[in-house]
Amino acid sequence: MDSILDIARWQFGIVTVYHFLFVPLTIGLTALVAFMETMWLRTKSPEWLRLTKFFAKLMLINFAIGVVTGIVQEFQFGMNWSDYSRFVGDVFGAPLAIEALLAFFLESTFLGLWIFGWDKLPRGLHNGCMWIVHVGTLASSYFILAANSWMQHPVGYRYNEDTGRAELTDFWAVMTNKVQLVTFPHVILAAYMTAGAFVLGVAAWLYTRKRFEADRGMYRKGIRMGAVVALIAGIGVAVTGDVQGKVMTDVQPMKMAAAEALYDTEESCAPFSIFTIGTPDGTSEKFAITVPCLLSFLATGHFDGKVEGINDLREQYQEKYGQDPGATYYSPDGYVPIIPVTYWTFRFMMGFGVLVALGAALVLWMTRKGRSPTSRWFAWMVLGLPVAAVLGNSAGWIFTEMGRQPWVVFGLMTTRNGVSPGVSPAEAWISILSLTLLYAVLAVIEIGLLARFVKRGADPFEEPPDPTLRGSDDEDRPMTFAY
């Protein structure tokens, strides 16, 4: 790996995957923290307030690290991918600007009001601030995913031959791209599943600790709530993922073929392999566990549907786009992505998602009708569910982006042509090593802070003052921050 292209791709991959470790958890936790506070307002139960403040601390730690890594993500477009930025700038400018100016400021402004407004705002308004923060995370996700979906399926643009750039002609088409319409609910439901698994895992770990025995009733609420959210969201992830697979086959058939390492077209009843032992490129296999006709259903919605193979698709791409752009580190066969990466990340994505949903269902069954499992194996088993959710999210994005190769914008620009021409390999190496070291430090900080606050458990109950009940004698008292 000595070319600027390979180094730049590794750097972008490291930064992107690392950043996305925090994004789903932040999106999901804003909703769950808002829900917990709503339950406190409705039931007046001190336990819901304690859970609200406890998981809010963990959310804020995650939010802060996510913001820092997201800033670096933006800078990379100008650092290592200037030709790509020049090509897509007219299209990306609108959604990314709206995301920064509207959605992110909506999140940060109302998050600040929520943090410092416990004894300043009426309780209903204070709770509403967190719900607005969650709406801001959804809006931010929508605009960012719209930009990414355009890379998968370009719409609403025209190519200017004089400038060599794609120019936006229909903003609404970009916002309602059919890839976007299935990607957004899939990603958001995965975020809810991740947050539900996180609440479930942390609450279960604390539930089994003897020093928190007096608070078991409170943590049991967290366990049950997290399990319900993870299970329902997990089912939603499976349904939206099925729809997304069919849209993907329509706009990027090579990605579906690469997901199964299917080299020859199957005219009907294409099988799906759950596990395969064979050559790394998938050209031959020695052992495989397959489900008959399942690939046809995943790709077309019909068990007798036709699924095109890699060889036929490569010939179609050569006829449409010209000869292969050349074998590279990231695309050994030109128009064909790296098969082992697409094959296994596709299965890891689905496997971890199913594991989380089944784990949540198992927890609901084990805690039914007041049952209280307190064994250590239960705690460690459940604590593994948020890890599985995070791994599933990462595998899904690796598959999505690696399966698109060699295109950075499908059908319009190859990744090779998007890299910055003025960056040397030495400069790129300095950049990737510096960021990797920085991210390693941030990982230690993130894990250390989360572990520290989780071990402490929820703080004792202390009801914040209600500003609506404040008398005239309180008007001259100094303002204090209750959080």
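It should be noted that the structure appears before, not after, this text.
Cut-offs and rules
Residues numbered from 1 in each chain as written. Predicted model: local features only at pLDDT ≥ 70, side-chain atom pairs only at ≥ 80, totals over all residues. Heavy atoms only, no water. Patch = residues over 30% accessible without salt bridge, like charges linked within 9 Å, V, L, I, M, F, W, Y side chains within 5 Å. Areas by Shrake-Rupley, 256 points an atom, 1.4 Å probe, with all protein chains shown as cover. Salt bridge = Lys/Arg side-chain N within 4 Å of Asp/Glu carboxyl O. Lys, Arg positive; Asp, Glu negative; His and termini not counted. Charge placed at Lys NZ, Arg CZ, Asp CG, Glu CD. Helix = DSSP H or I, 4+ residues; strand = E, 2+ residues; numbered from the N terminus. Disulfide = S-S within 2.5 Å. Core = buried A, V, L, I, M, F, W, Y, C linked by side-chain atoms within 4.5 Å. Buried < 20%, exposed > 50% of the residue type's maximum accessible area, 1.4 Å probe, protein only. Contact = heavy atoms within 4.5 Å. Expected span 1.5 Å × (residues − 1).

K.L.:
How should a negative patch on the surface be read in this particular structure?
P.N.:
A cluster of acidic residues, Asp-264, Glu-267, Asp-312 and Glu-315, forms a negative patch on the protein surface. Structurally, Asp-312 can be placed in helix 11 (residues 310-321).

K.L.:
Even after reading the chapter, I still don't get the state of the cysteines, so can you show me in this structure?
P.N.:
Covalent bonding between the sulfur atoms of two cysteines is what defines a disulfide. As enumerated under the stated definition, the model contains 1 disulfide in all. Between the sulfur atoms of Cys-269 and its disulfide partner Cys-293 the distance amounts to 1.5 Å. When the S-S torsion is -65°, as for the bridge of Cys-269 with Cys-293, the disulfide is left-handed. Of this pair, Cys-269 sits in the loop between helix 9 (253-260) and strand 3 (272-278) while Cys-293 sits in the loop between strand 4 (285-291) and helix 10 (294-300), and the two are 24 residues apart along the sequence.

K.L.:
For this particular structure, what's the right way to read the nonpolar core?
P.N.:
Proteins that are soluble and globular tend to have nonpolar side chains buried together. Phe-55 and Leu-58 are the most contacted members of the largest nonpolar core, which totals 62 residues. With 12 residues, helix 7 (residues 178-207) is the largest single contributor of residues to this core. In this structure, Leu-58 is in contact with Phe-198, Val-202, Leu-450, Phe-453 and Val-454, ignoring residues within four places of it in sequence. Among the nonpolar cores identified, the runner-up in size contains 25 residues, and Ile-4, Phe-143, Ala-147 and Trp-150 belong to it.

K.L.:
In this structure, what is going on with unusual backbone geometry? I would like to understand it.
P.N.:
Across the chain, the bulk of peptide bonds are trans and the bulk of non-glycine residues have phi less than zero. With an omega of 10°, the peptide bond running from Gln-405 to Pro-406 counts as cis. Among the secondary structure elements, Pro-406 is positioned in the loop between helix 13 (376-402) and strand 5 (407-409). The phi dihedral of Cys-269 is positive, around 55°, even though this residue is not glycine. In the Ramachandran plot, Cys-293 falls in the positive-phi region, its phi being about 70° despite a non-glycine side chain. Residue class for Cys-293 comes out buried when judged on its relative accessible area of 15%.

K.L.:
Could you clarify how one ought to interpret a nonpolar patch on the surface in this entry?
P.N.:
A cluster of nonpolar side chains, contributed by Ile-274, Phe-275, Ile-277, Phe-287 and Ile-289, occupies part of the molecular surface with about 440 Å² of accessible area. Put simply, the parts of the chain that give the nonpolar patch at least two residues each are strand 3 and strand 4. No other element matches the 3 residues that strand 3 contributes to the nonpolar patch. In this fold, Phe-275 is placed in strand 3. The exposure class assigned to Phe-275 is partly exposed, which follows from its relative accessible area of 35%.

K.L.:
What is the right way to look at the pattern of salt bridges in this model?
P.N.:
Any two side chains of opposite charge can pair if their charged atoms end up close together. One pass over the structure, following the stated rule, counts 12 salt bridges. Between Glu-260 and Arg-347 there is a salt bridge, and its shortest N-O distance comes to 2.5 Å. In this pair, Glu-260 sits in helix 9 while Arg-347 sits in helix 12 (residues 339-366), placing the two residues 87 residues apart along the sequence. Among the charged side chains, a salt-bridge network with shared partners connects Lys-57, Arg-456 and Asp-459.

K.L.:
Is there a simple way to explain helix 14 (residues 425-456) in this structure?
P.N.:
Side chains that are three or four residues apart share a direction in an α-helix, a result of its 3.6 residues per turn. Between its first and last C-alpha atoms helix 14 spans 46 Å; for 32 residues at 1.5 Å apiece the expected length is 46 Å, and the two agree. If you check which residues of helix 14 are buried, you get Ala-428, Ser-431, Ile-432, Leu-435, Tyr-439, Leu-442, Glu-446, Leu-450, Phe-453 and Val-454. The inward-facing, buried residues of helix 14 contact helix 1 (4-20), helix 3 (46-79) and helix 7. Downstream of helix 14 by one or two residues, Gly-457 has phi in the positive range, about 75°.

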